[in-house]
Number of protein chains: 2
Amino acid sequence: MTERILNYMAAHPHEGPRLVVDLDVVRDNYRAFSKALPDTRVFYAVKANPEPKVLKLLADLGSCFDTASVVEIKLALDAGATPDRISFGNTIKKERDIAAARALGIDLYAVDCIEEVEKIARAAPGARVFARILCDGAGAEWPLSRKFGCVPEMAVDVLEHAHRLGLTAYGVSFHVGSQQRDPKMWNGALASAAMIFRTLAERGITLSMVNLGGGFPTRYLKKIPGVESYGTAIFNALRKHFGNRIPETIIEPGRGMVGNAGIIESEVVLISKKSNAADETRWVYLDIGKFGGLAETMDEAIRYPIKTPRDGAELAPCVLAGPTCDSADVMYEKDPYFLPVSLEIGDRVLIEATGAYTTTYSSCAFNGFPPLHTVCI
Amino acid sequence: MTERILNYMAAHPHEGPRLVVDLDVVRDNYRAFSKALPDTRVFYAVKANPEPKVLKLLADLGSCFDTASVVEIKLALDAGATPDRISFGNTIKKERDIAAARALGIDLYAVDCIEEVEKIARAAPGARVFARILCDGAGAEWPLSRKFGCVPEMAVDVLEHAHRLGLTAYGVSFHVGSQQRDPKMWNGALASAAMIFRTLAERGITLSMVNLGGGFPTRYLKKIPGVESYGTAIFNALRKHFGNRIPETIIEPGRGMVGNAGIIESEVVLISKKSNAADETRWVYLDIGKFGGLAETMDEAIRYPIKTPRDGAELAPCVLAGPTCDSADVMYEKDPYFLPVSLEIGDRVLIEATGAYTTTYSSCAFNGFPPLHTVCI
């Protein structure tokens, strides 16, 4: 929790929920990544928080950008990044979006199948591609599905196909799962990546790069290892699997770059019970919920720290819900949240570590509520 | 599926996903509700689809409006509804929003606890309030939590408290769960409502109204009973529990009013497999997913019918996913979706019965993708 954000909030009262992002924290995070992984280029995952001021700061610091769409590519360019510092990291792209990206100068693309390689060969001939492989996501708090990537054996074929079509088979990528709390999880994926490098080398194709993905956590309620632990674990795994021929590496932090830089200020709209029974649990309703920016509370996956003006008072469990007329807009119920018994309607609460994956998730107008207001300081 | 929508789409090609709503179907649905429940006033649930043209049509037809926020109240007023035709149906309201609603002339408010009654007594003195009671939601396809309502015994106290504070204790409301496929589910809630009417009458307080809520389904893949079955079942339950003293009744259809009036047109962005194994399932990626308007696929709750240009060809299961770089953006996987084996990248598919709970749910800018584009014809 930064003093700067608290001072800003006190000096600039605001109606409705808002996210305040402290750019100094983003700067510190960027420097910590650069220090922990000195030979690795940082591609900030724009989707985590595409605020122009965040992108401008990172562009000025020398960051590269991992983008999910043509709109995000344009945001990164507007922030001052040159096209050679931008990757189109979504494995699911319309062919005309690849052509639009190419027209903007983008030369680095993610793929996880032959079909995507063929689109790129047609729409961005000669471009560099990296193949994403599947990871099981063990140890990650945000669920990792099989949506992106293919098995390592298939990645070999995908990259060979790219080479045959005149593309540059550039490397391998993977993602160990978002909010990954175990630095050792990079080891298994790097073993697969090294196998792909070797197999293709035997076929005369030299790969250059391993994209280590994101997954770097932010501090919510549980303690997390420092970014230097990740740096050490990744470097050791690279040494183990690639020996003296360590390839070019990149990382794609999103949550780890901006998560702890933001705090959402919200208001307690209602506190009530469902019956007069003595053991009935309180319901606490905030003016932000699952559809207003806290989508990652889905299945109670991400558990945010919440500060209240009554902290220090006795705690009691409550069900925490959002303000919309949707029964699904309940954030913590299976595992109730402990808040002060003295909490009152109208109290302002601070939802910490909400700098990533909040603003752009918010519904455009559900129940008439506007998207989450954001300020960068 | 309406011919008008298909003709419109053919005549007006559009880049990216879009929802087309046929206002004729909305008109037919309004008339069907009026006919099935002739003595019941219709309060359209604005949150289901707040498109100004939908609201204008319904206002012209004589509909009333159930709103969730001050923004929705203003939308209903702009569409031509007078304040006496608008209820503030959200049980979770900021006191200053109640004051704003009151300033706009709104006189009918939902409550489910003493605390909310006290806010209304301060911000909208003398207003009419109805108490929402809990329902278990059995038979509903969209999950109904305990978020709204209180036990019937507590509703008695809540309404008595309102009466004591100078408000008009006006009635009782409940919701049997969205996409409720069993018309008999209104029976149990009406028994509770009648108990509340009797208990308060004994205390000298005469209630006037039962708000039968929404829950009326739209046709997705499974067949649903016609609206007249709901009318008959509700009328019979009213007779059974209220005898000859049937109160004023209102309904709040949302999905049942606009669900089948809309079709989303989407494009197949990618079809691929995760390995070369013979039994590997296809992944089909569309340009719309859980964050682009199809939020109700959460936990695979709502299963939309999908038409493709290859219908009639052999079917095979697939995992259906959206276009964003989020592993959670997978719509149907546990229960795979059957689509033609001949489906191709670039094919346009039609996602039917998507007129309700799609547009406003969509993320404002997740991954750089814009909210769902909507056209009313």
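Please read these numbers as outputs of a predicted model, since none were measured by experiment. Each chain carries its own residue numbering, running from 1 in the written order of its sequence. For this description, chains carry letters from A and ligands carry numbers from 1, given in the order in which they are written. Local features in a predicted model are, by the rule used here, given only for residues with pLDDT of at least 70; side-chain atom pairs are given and counted only at 80 or more, and totals for whole chains, interfaces and linings are based on all residues. Working from all heavy atoms in the structure, the side-chain values ignore hydrogens and water.

**Notes on the interface of chain B and chain A**
Next up, step 1: Any two residues whose heavy atoms approach within 4.5 Å at even a single point are treated as in contact. Taken residue by residue, the interface counts 73 residues in chain B and 73 residues in chain A.
Next up, step 2: Buried surface at the junction of chain B and chain A, both sides included, amounts to about 5800 Å², of which 58% is carbon and sulfur.
Next up, step 3: Buried area: the accessible surface (1.4 Å probe) lost by two parts on joining, summed over both. Contact with chain A buries surface across chain B, with Lys147, Lys274 and Cys325 of chain B losing the most and accounting together for 12% of the total.
Next up, step 4: In what follows, salt bridge is the name for a side-chain nitrogen of Lys or Arg lying within 4 Å of a carboxyl oxygen of Asp or Glu. Across the pair lysine 94 of chain A and aspartate 287 of chain B runs a salt bridge whose closest N-O atoms are separated by 2.7 Å.
Next up, step 5: In protein, a polar contact requires one atom able to donate a hydrogen and another able to accept it; more generally it is a pair of N or O atoms within 3.5 Å, and residues adjacent in sequence count only if both atoms are side-chain atoms. Here chain B and chain A share 46 residue pairs in polar contact (both at pLDDT 80 or more) between them.
Next up, step 6: Polar here means any residue other than Ala, Val, Leu, Ile, Met, Phe, Trp, Tyr, Cys and Pro, which are nonpolar, and Asp, Glu, Lys and Arg, which are charged; Gly is therefore polar. When grouped by side-chain class, the residues that make up the side of chain B that touches chain A number 32 nonpolar, 19 polar and 22 charged.

**Structural notes on the packing of aromatic side chains**
Next up, step 1: Each pair of aromatic rings taken from Phe, Tyr and Trp, with Trp reduced to its six-membered ring, is defined by centres within 6.5 Å and is described as stacked if the planes are under 30 degrees apart, edge-to-face if over 60, and tilted in the remaining cases. Counted under the stated rule, the structure contains 27 aromatic pairs over all chains.
Next up, step 2: Pairing phenylalanine 33 of chain B with phenylalanine 216 of chain B gives two aromatic rings, centres 5.2 Å apart and planes at 70°, and the pair type is edge-to-face. With a gap of 183 residues between them, phenylalanine 33 of chain B in helix α2 (residues 23-36) and phenylalanine 216 of chain B in the loop between β8 (209-211) and α9 (227-242) connect regions that are remote in the sequence. A single burial state applies to phenylalanine 33 of chain B and to phenylalanine 216 of chain B, both of which are buried.
Next up, step 3: A network of ring pairs unites the aromatic residues Phe33, Trp186, Phe216 and Tyr230 of chain A as a single cluster.
Next up, step 4: Here, a charge over a ring is recorded when the distance from Lys NZ or Arg CZ to the ring centre is within 6 Å and its angle to the ring normal is within 35 degrees. The residue whose ring lies beneath lysine 93 of chain A is phenylalanine 88 of chain A, and the NZ or CZ to ring-centre distance is 5.7 Å. Labels follow the DSSP assignment, with helices taken as runs of H or I lasting at least four residues and strands as runs of E lasting at least two, numbered in each case from the N terminus. Classification of residues uses two cut-offs on accessible area relative to the type maximum, computed with a 1.4 Å probe and protein chains only: under 20% is buried, over 50% is exposed, and between them is partly exposed.

**Some words on the UniProt feature "domain: Orn/DAP/Arg decarboxylase 2 N-terminal" (unreviewed entry) in chain A**
Next up, step 1: UniProt positions are given in the numbering used here, feature names are shortened, and annotations may be inferred rather than shown by experiment. Feature annotation in UniProt places "domain: Orn/DAP/Arg decarboxylase 2 N-terminal" (unreviewed entry) on residues 25-258 of chain A, given in this structure's numbering.
Next up, step 2: Within residues 25-258 of chain A, the helical portion is 43% and the strand portion 15%, while the C-alpha atoms at the span's ends are 8 Å from each other.

**A closer look at the UniProt feature "active site" (unreviewed entry) in chain A**
Next up, step 1: The positions UniProt marks with the feature "active site" (unreviewed entry) are Cys325 of chain A.
Next up, step 2: Relative to the elements of secondary structure, cysteine 325 of chain A occurs in the loop between β13 (315-321) and β14 (330-340).
Next up, step 3: Non-local contacts of cysteine 325 of chain A, meaning those with residues more than four positions away in its chain, are made with Asn367 of chain A together with Lys47, Ala68, Gly89, Asn90 and Phe148 of chain B.

**Observations regarding the pairing of strand β15 (residues 348-352) of chain B**
All names here are of chain B.
Next up, step 1: Within β15, 4 of the 5 residues are buried, leaving the element largely enclosed by the surrounding structure.
Next up, step 2: We call two strands paired when DSSP finds no fewer than two bridges between them. Of the pairings in the sheet, the one linking strand β10 (residues 262-272) to β15 comprises 5 bridges and is antiparallel in character. Of the residues in β15, the one forming a bridge with serine 266 is valine 349.
Next up, step 3: In this structure, strand β12 (residues 306-307) lies alongside β15, joined through 2 bridges in antiparallel fashion. Bridged to lysine 307 within β15 is leucine 350.

**Considerations on the nonpolar core**
Next up, step 1: Ranked by internal contacts, the top residues of the largest apolar core, which has 117 residues, are Tyr44, Phe65 and Tyr109 of chain B.
Next up, step 2: For this core, the element with the highest residue contribution is helix α8 (residues 186-202) of chain B, accounting for 8 residues.
Next up, step 3: Excluding anything up to four places from it in sequence, tyrosine 109 of chain B contacts Phe88, Lys93, Ile98, Ala101, Arg102, Ile120, Ala124, Ala127, Arg128, Val129 and Phe130 of chain B.
Next up, step 4: Residues enter a nonpolar core if they are buried and are Ala, Val, Leu, Ile, Met, Phe, Trp, Tyr or Cys, with the set joined through side-chain atoms within 4.5 Å. Counting 115 residues, the second largest nonpolar core, distinct from the first, contains Tyr109, Ile196, Leu320 and Ala356 of chain A.

**Some points on the relation of the copies chain B and chain A**
Next up, step 1: Only residues with pLDDT of at least 70 in both copies count here: their C-alpha atoms drive the least-squares fit that superposes the copies. If you rotate chain B by 180° and push it 0.0 Å along the axis, it lands on chain A with an RMSD of 0.0 Å. Accordingly, the operation relating the two chain copies is best matched by a two-fold axis.
Next up, step 2: Both copies contact each other with a shared surface, as 100% of the interface residues of chain B are interface residues in chain A too.

**Structural notes on the domain arrangement of chain A**
Residues and elements named next belong to chain A.
Next up, step 1: Start and end positions for the domains come from either an automated domain assignment or a database one. When the domains of chain A are assigned, the result is domain 1 (89-253) and domain 2 (260-376).
Next up, step 2: On a C-alpha basis, the centres of domain 1 and domain 2 stand 36 Å from each other.
Next up, step 3: On the domain 2 side, the residues contacting the 8 residues of domain 1 number 12 residues.
Next up, step 4: Interface area lost by domain 1 to domain 2 is led by Trp142, Tyr220 and Leu221, which between them contribute 71%.
Next up, step 5: Along the contact surface separating domain 1 from domain 2 lie 0 salt bridges.
Next up, step 6: Applying the counting rule to domain 1 against domain 2 returns 1 residue pair in polar contact (both at pLDDT 80 or more).
Next up, step 7: Across the side of domain 1 that touches domain 2, the residue classes break down as 4 nonpolar, 2 polar and 2 charged.

**What to know about helix α7 (residues 152-164) of chain A**
Count 3.6 residues to each turn of an α-helix, and residues three or four apart come out pointing the same way.
All names here are of chain A.
Next up, step 1: In this scheme, a helix's expected span is set at 1.5 Å multiplied by one less than its residue total. Its 13 residues place the ends of α7 19 Å apart at the C-alpha level, agreeing with the 18 Å of an ideal helix rising 1.5 Å per residue.
Next up, step 2: Buried-residue contacts for α7 involve β5 (108-111), α6 (114-123), β6 (128-132), β7 (168-173) and α8 (186-202).
Next up, step 3: Of the residues flanking the end of α7, it is glycine 166, one or two places downstream, whose phi is positive at about 90°.

**Regarding the packing of helix α6 (residues 114-123) of chain B against helix α7 (residues 152-164) of chain B**
Residues and elements named next belong to chain B.
Next up, step 1: For the pair α6 and α7, interaxial distance at closest approach is 9 Å and the crossing angle is 20°. Overall, the two elements α6 and α7 adopt an arrangement that is roughly parallel. You can see that α6 and α7 cross each other, and the crossing is right-handed. Between α6 and α7, the residues in contact are Ile114, Val117 and Glu118 and Asp157, Val158, His161 and Ala162, respectively. Note on geometry: axes are C-alpha line fits, over the in-contact stretch for helices, and angles between N-to-C directions span 0 to 180 degrees. Note that the term roughly parallel is reserved for angles under 35 degrees, roughly antiparallel for angles over 145, roughly perpendicular for angles of 65 to 115, and oblique for everything else. For any pair of crossing helices, the crossing counts as left-handed if the nearer helix is rotated counterclockwise from the farther one by less than a right angle, and right-handed if it is rotated clockwise.

**What about the side chain of serine 145 of chain B?**
Next up, step 1: Mapped onto the fold, serine 145 of chain B is located in the loop between β6 (128-132) and α7.
Next up, step 2: Among the polar contacts made by the side chain of serine 145 of chain B, one reaches the main-chain carbonyl oxygen of serine 327 of chain A at a distance of 2.9 Å.
Next up, step 3: Within polar-contact distance, the side chain of serine 145 of chain B engages the backbone nitrogen of lysine 147 of chain B at 3.0 Å.
Next up, step 4: What serine 145 of chain B contacts, discounting residues up to four positions off in sequence, is Ser327 and Val330 of chain A.

**Topic: the pattern of salt bridges**
Next up, step 1: Going through the model one piece at a time under the given rule, you end up with 62 salt bridges over all chains.
Next up, step 2: The salt bridge involving glutamate 280 of chain A is made with arginine 146 of chain B; its shortest N-O contact spans 3.0 Å. Highlighted residues: glutamate 280 of chain A in the loop between β10 (262-272) and β11 (282-286) and arginine 146 of chain B in the loop between β6 and α7, drawn from two different chains.
Next up, step 3: Relative accessible area serves as the criterion here: at 16%, glutamate 280 of chain A is assigned to the buried category.
Next up, step 4: Its relative accessible area of 38% is what places arginine 146 of chain B among the partly exposed residues.
Next up, step 5: A single salt-bridge network, built from bridges that share partners, covers Glu15, Glu267, Asp287 and Arg348 of chain A together with Lys94 and Arg96 of chain B.

**Details of the environment of valine 375 of chain B**
All names here are of chain B.
Next up, step 1: Inspection of the secondary structure puts valine 375 in strand β16 (residues 373-376).
Next up, step 2: Assessed through its relative accessible area of 15%, valine 375 is described here as buried.
Next up, step 3: Remark: the alpha-carbon pair of valine 375 and phenylalanine 197, spanning 178 residues in sequence, is separated by 44 Å.
Next up, step 4: In this view, valine 375 contacts Tyr8, Leu19, Val20 and Val21; residues no more than four positions away in its chain are not counted.

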